Amino acid sequence: MTGPGLADNPGPGRRRAMEAAAEARAGCRAGLAFIVSGQACFLAMMLACCAITPSRTAIARGLSYYGTYAETVVPYAIGFALYIPLTAIGIARLRPTSTVIQRFRCAVLIVLGLTVGVPLTPYRVDLIFDWVHIGVASILFTAGFALGSWLALRLLRDRTARAILVLQSGAAVSMLAAQVGWHNYMIPSELLFELCVFGLVVQSVRRLQGEATAVQGRNVLSAA
């Protein structure tokens, strides 16, 4: 039988474990807030560019089209300038308490690093910029698909993650089809691909932080 007030007054070890868990959850919420804010900036940039210069050509060629025209280059650049660091800050908030978390952080940061090359290579400058941009974009989306596959099949391994991966695969096929001229919907394909990666990253952050919090709590209790 539990004595009066015992449940309300945990021992020092349990109290430290509870404080560590609360601190970890707060860090996770802050990290997710940064990641969601970064994605919101990216989507706002896309909508702003489409609103400023509605263009069937842009829909067919992709978001990079807006980085080559004076009317839209400012919101285009600002969108990337906010999206990349905000997402990186959010990922950095995830404590590297295990090898899996370290790999996850590294993988996402690599994809973000590749993303920097997209706004820095406006393809209309000349033929060299055009080829470099194609190369950067190809490597980026290959890395994004590899990241999504790893998260869905190795890290999360649940129905929701696999369903998102199926959508991402469809988006990747659609992007390739648009690139070779089989249809004129590159931007919608890019948007779906981006949202799939975003969904898998958010799910992974929640899963990894939950596991890290549990391990940290057990470690504190063991040390008490």
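Residues numbered from 1 in each chain as written. Predicted model: local features only at pLDDT ≥ 70, side-chain atom pairs only at ≥ 80, totals over all residues. Heavy atoms only, no water.

Q: Describe the overall build of the chain, naming the residues involved and giving the relevant values.
A: Secondary structure assignment for the chain yields 7 helices and 0 strands. Mapped from its N terminus to its C terminus, the chain presents α and β elements in the order α-α-α-α-α-α-α. In the chain, buried positions account for 40% of the 224 residues. Of the accessible surface of the chain, which amounts to about 12,300 Å², a share of 65% is contributed by carbon and sulfur atoms. (Helix = DSSP H or I, 4+ residues; strand = E, 2+ residues; numbered from the N terminus. Buried < 20%, exposed > 50% of the residue type's maximum accessible area, 1.4 Å probe, protein only. Areas by Shrake-Rupley, 256 points an atom, 1.4 Å probe, with all protein chains shown as cover.)

Q: Before we move on, can you summarise a nonpolar patch on the surface with the specific residues and values?
A: On the surface, a nonpolar cluster with roughly 310 Å² of combined accessible area is contributed by Val73, Val74, Ile78 and Leu82. Relative to the helices and strands, valine 74 is located in helix α3 (residues 70-92). (Patch = residues over 30% accessible without salt bridge, like charges linked within 9 Å, V, L, I, M, F, W, Y side chains within 5 Å. Salt bridge = Lys/Arg side-chain N within 4 Å of Asp/Glu carboxyl O.)

Q: So, the nonpolar core: which residues are in play, and what are the values?
A: Nonpolar side chains in soluble globular proteins tend to be buried together. Counting 48 residues, the largest nonpolar core has Tyr66, Tyr76, Phe104, Val201 and Val205 as the members making the most contacts within it. The element contributing the most residues to this core is helix α7 (residues 186-223), with 10 residues. Once residues lying within four places of it in the same chain are set aside, the contact partners of tyrosine 76 are Met45, Cys49, Leu63, Ser64, Tyr66, Gly67, Val118 and Pro119. (Core = buried A, V, L, I, M, F, W, Y, C linked by side-chain atoms within 4.5 Å. Contact = heavy atoms within 4.5 Å.)

Q: Which residues make up the environment of proline 96, and what values go with them?
A: Positionally, proline 96 belongs in the loop between α3 and α4 (99-116). Note: C-alpha distance between proline 96 and glutamine 209 (113 residues apart in sequence) is 9.7 Å. Excluding residues that lie within four positions of it along the chain, proline 96 makes contacts with Ile101, Gln102 and Arg105.

Q: Just give me the short version of the pattern of salt bridges, but keep the residues and values in it.
A: Two side chains that carry opposite charge are able to pair once their charged atoms sit near each other. A complete count under the given rule lists 1 salt bridge for this structure. Residue arginine 207 is joined to aspartate 158 by a salt bridge in which the shortest nitrogen-to-oxygen separation is 3.4 Å. Of this pair, arginine 207 sits in helix α7 while aspartate 158 is found in the loop between α5 (127-156) and α6 (159-179), placing the two residues 49 residues apart along the sequence. Note on arginine 207: relative accessible area 29%, which makes it partly exposed.

Q: Summarise α6; cite the residues concerned and give the values.
A: Between its terminal C-alpha atoms α6 stretches 30 Å, which fits the 30 Å expected from 21 residues at 1.5 Å a residue. Taken together, the buried positions of α6 are occupied by Ala161, Ile164, Leu165, Gln168, Ala171, Ala172, Met175, Ala177 and Ala178. Among the residues of α6, the N-terminal cap falls to aspartate 158, whose side-chain oxygen and the backbone nitrogen of threonine 160 are separated by 3.4 Å. Phi turns positive, to about 90°, at glycine 181, one or two residues after α6. (Expected span 1.5 Å × (residues − 1). Polar contact = N/O pair within 3.5 Å; in protein donor to acceptor, adjacent residues only side chain to side chain.)

Q: Quick rundown of the environment of alanine 152? Include the residues and the values.
A: If you trace the backbone, alanine 152 turns up in helix α5. By relative accessible area, which is 1% here, alanine 152 ends up buried. Sequence separation of alanine 152 and alanine 163 is 11 residues, and the distance between their C-alpha atoms is 8.7 Å. Residue contacts for alanine 152: discarding those within four places in its chain leaves Arg157, Asp158, Ala161, Arg162, Leu165 and Leu200.

Q: How would you sum up the packing of aromatic side chains? Please name residues and give values.
A: With the rule as written, the count across this model stands at 6 aromatic pairs. Where phenylalanine 42 meets tyrosine 83, the ring centres are 5.0 Å apart and the plane angle is 50°; that geometry is what we call tilted. Pair noted here: phenylalanine 42 is in helix α1 (residues 12-52) and tyrosine 83 is in helix α3, with a separation of 41 residues, a long-range link. Grouping residues by exposure puts phenylalanine 42 and tyrosine 83 together as buried. (Phe/Tyr/Trp six-rings, centres within 6.5 Å; stacked < 30°, edge-to-face > 60°.)

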